[in-house]
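Structure at a glance
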Amino acid sequence: MTSSIYRKITSLDPKVILFLEYLEILIGATIVGLVFNLFLLPNKIAAGGVSGISTILFGLFHWNPSYVQWAFNIPLFFLGIILLGKEFSIKTLVGTAFLPLVIYLTEDIQPITYNHLLGALFGGIGLGFGLGIVFRGKGSTGGTALIGQIIHKYTRLSLGICMVMIDGSIVVLSAFVFSLEQALYAIISIYLSGKMIDVVQVGLSYNKLALIISEKEEEIRQVIFAEIDRGVTKIAGIGGYTNTARPILMCVLDQSELTKLKQLVNRVDPAAFVIISNSVEVLGEGFNQEEIKTH
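These numbers were taken from a predicted model, which means no experiment stands behind them.

The next thing to look at is the UniProt feature "transmembrane region" (unreviewed entry) in the protein. Taking the UniProt record as the reference, the feature "transmembrane region" (unreviewed entry) is found at residues 16-39, 45-64, 76-105, 117-136 and 157-178. Between the end C-alpha atoms of residues 16-39 there is a gap of 34 Å, over a span that is 100% helix and 0% strand. Here residues 117-136 is 100% helix and 0% strand, with 28 Å between the C-alpha atoms at its ends.

Here the focus is the nonpolar core. Residues V32, F36, L40, I45, L99, L127 and L131 are the most contacted members of the largest nonpolar core, which totals 17 residues. Those elements giving two or more residues to this core turn out to be α2 (14-40), α5 (90-105), α6 (116-136) and α9 (180-202). If sequence neighbours within four positions are ignored, L40 has contacts with V35, I45, G119, G123, L127 and S189.

All told, the structure shown has 8 salt bridges when counted by the stated rule. Ionic pairing is found between K138 and E21, a salt bridge with its closest N-O pair at 3.0 Å. Linking K138 in the loop between α6 and α7 (144-154) with E21 in helix α2, this pair joins segments that are 117 residues apart in sequence. You can call K138 partly exposed: its relative accessible area is 33%. Residue E257 pairs with R230 through a salt bridge whose shortest N-O separation is 3.0 Å. With E257 in the loop between β3 (248-253) and α11 (258-268) and R230 in the loop between α10 (217-227) and β2 (233-235), the pair connects residues that are 27 residues apart, well separated along the chain. A relative accessible area of 17% means that E257 is categorised as buried. Residue class for R230 comes out buried when judged on its relative accessible area of 12%. Salt bridges sharing partners connect three or more residues here, namely E21, K91 and K138.

Bridging between strand β1 (residues 207-213) and β3 involves 6 bridges; their strand directions are antiparallel. Of the residues in β3, the one forming a bridge with I213 is I248. Here β2 pairs with β3 via 3 bridges, running antiparallel. Opposite T233, over in β3, you have M250 as the bridge partner.

The rules behind the values
Residues numbered from 1 in each chain as written. Predicted model: local features only at pLDDT ≥ 70, side-chain atom pairs only at ≥ 80, totals over all residues. Heavy atoms only, no water. UniProt positions renumbered as here; feature names shortened; annotations may be inferred. Helix = DSSP H or I, 4+ residues; strand = E, 2+ residues; numbered from the N terminus. Core = buried A, V, L, I, M, F, W, Y, C linked by side-chain atoms within 4.5 Å. Buried < 20%, exposed > 50% of the residue type's maximum accessible area, 1.4 Å probe, protein only. Contact = heavy atoms within 4.5 Å. Salt bridge = Lys/Arg side-chain N within 4 Å of Asp/Glu carboxyl O. Pairing = 2+ DSSP bridges.

Right, dumping it as structure tokens:
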């Protein structure tokens, strides 16, 4: 998001911004619910979370997945309020209640495919896409993430380990209920959904972080200002071999500007030492500018 777009959004009335965030939660939850009925449930892919539990219980007892998710999510929401001791946004309740409603309303929809691999691939992508939109609206669909937070609070285990344990247990259980092959498909879906969430949150292209060490750092700084129009930060450094001061130039730029930067640096100082790395997310003028709010 460019700074101009940011200014347009933040100039909106706070009520409008809040409305747009709730709209994102509803749209994202709708996508997740449709993906569940179109790809995951018909192919018996228990891709972790409460949706995975509902898939397993549907396979065992033919219990309606939407009822199962309501039965798990709503009590978990209030249990989280009691045990975690934090204020849960009303957005979490909206996402927690609305997702099973979408699943219920679309339960008779015709699945797109009964091919397990296609179901795992597009189910994982669609699941991550929908959840990514929900997260952009600063919301949640509840589920086993709350269980992970509770375990994390009362044990010394990291939240990441807690979530792996919970989702891993669901996948292992699906191997016994369905088959080992179905469990492997579920792992594919979980992996793809995580990657897709990152894509929705951050975007397809990473910004680049360049660290430049040169005896002509002032000349390089000037050409970056003049020809790329990017800011440069000087970091104090000391050469490990010479033990002398060696300023480091740090510059964050778009991927499309990387080639030009390398050409400019090479033109000024062919002996310059340049380190290029991906920067997953950059907040600030000229890059993403997001105001974090709690409602």
